[in-house]
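Below, each chain spelled out in residue letters.
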Amino acid sequence: MAIELAPEVRVNAIAPGAILWPEEITDQNKQRILAQIPLGRLGQEQDITDAIGFLLKANYVTGQTLKIDGGRSLG
């Protein structure tokens, strides 16, 4: 889509990681997930809005998926 819609439209995506816990998750599963995140913490809603703000200002960025996962996707 980024190629087809350029230069009029930039196309990017945000891929959030662990941001909010589901209600039914156990403490054991929370710890297992946190152990997989290099930054060692759950993300916050602000982390997503910061990424959106970046993409809105970054006029030379298109065709990208920005992973907001504290580095979890690296492992």
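Coordinates for the structure precede this section.
Right, let's walk through the structure included here.

Some points on the overall build of the protein
Piece 1. Each helix and strand counted, the protein has three helices and two strands in total.
Piece 2. If you list the helices and strands of the protein from N to C, you get α-β-α-α-β.
Piece 3. Here the C-alpha coordinates of the protein stretch approximately 50 × 25 × 20 Å along the principal axes.
Piece 4. The buried share of the protein, taken over its 75 residues, is 20%.
Piece 5. Long-range pairs, those at least 24 residues apart, make up 69% of the contacts in the protein with a sequence separation of at least 6.
Piece 6. Accessible area of the protein: about 5800 Å², with a carbon and sulfur share of 56%.
Piece 7. Here the protein contributes 7 positive and 9 negative side-chain charges, whose respective centroids are spaced 6 Å apart.

Topic: the side chain of aspartate 69
Piece 1. Within the secondary structure layout, aspartate 69 lies in the segment after strand E2 (64–68).
Piece 2. What aspartate 69 contacts, discounting residues up to four positions off in sequence, is Gly17 and Ile37.

Some points on the pattern of salt bridges
Piece 1. For the coordinates displayed, the defined rule picks out two salt bridges.
Piece 2. We note a salt bridge from aspartate 47 to arginine 41, for which the minimum N-O separation is 3.4 Å.
Piece 3. By relative accessible area, aspartate 47 is classed as partly exposed at 23%.

Some words on the environment of valine 11
Piece 1. Relative to the helices and strands, valine 11 resides in the loop between helix H1 (2–5) and strand E1 (12–16).
Piece 2. With relative accessibility at 21%, the residue valine 11 sits in the partly exposed group.
Piece 3. Sequence-wise, valine 11 and isoleucine 37 are 26 residues apart; in three dimensions their C-alpha atoms are separated by 27 Å.
Piece 4. Ignoring sequence-local partners within four residues, the contact set of valine 11 consists of Met1, Ala2, Leu5, Thr62, Gly63 and Gln64.

Conventions adopted
- Residues numbered from 1 in each chain as written.
- Predicted model: local features only at pLDDT ≥ 70, side-chain atom pairs only at ≥ 80, totals over all residues.
- Heavy atoms only, no water.
- Helix = DSSP H or I, 4+ residues; strand = E, 2+ residues; numbered from the N terminus.
- Buried < 20%, exposed > 50% of the residue type's maximum accessible area, 1.4 Å probe, protein only.
- Contact = heavy atoms within 4.5 Å.
- Areas by Shrake-Rupley, 256 points an atom, 1.4 Å probe, with all protein chains shown as cover.
- Lys, Arg positive; Asp, Glu negative; His and termini not counted.
- Charge placed at Lys NZ, Arg CZ, Asp CG, Glu CD.
- Salt bridge = Lys/Arg side-chain N within 4 Å of Asp/Glu carboxyl O.

Functional significance is not addressed by these values, which are geometric in nature.
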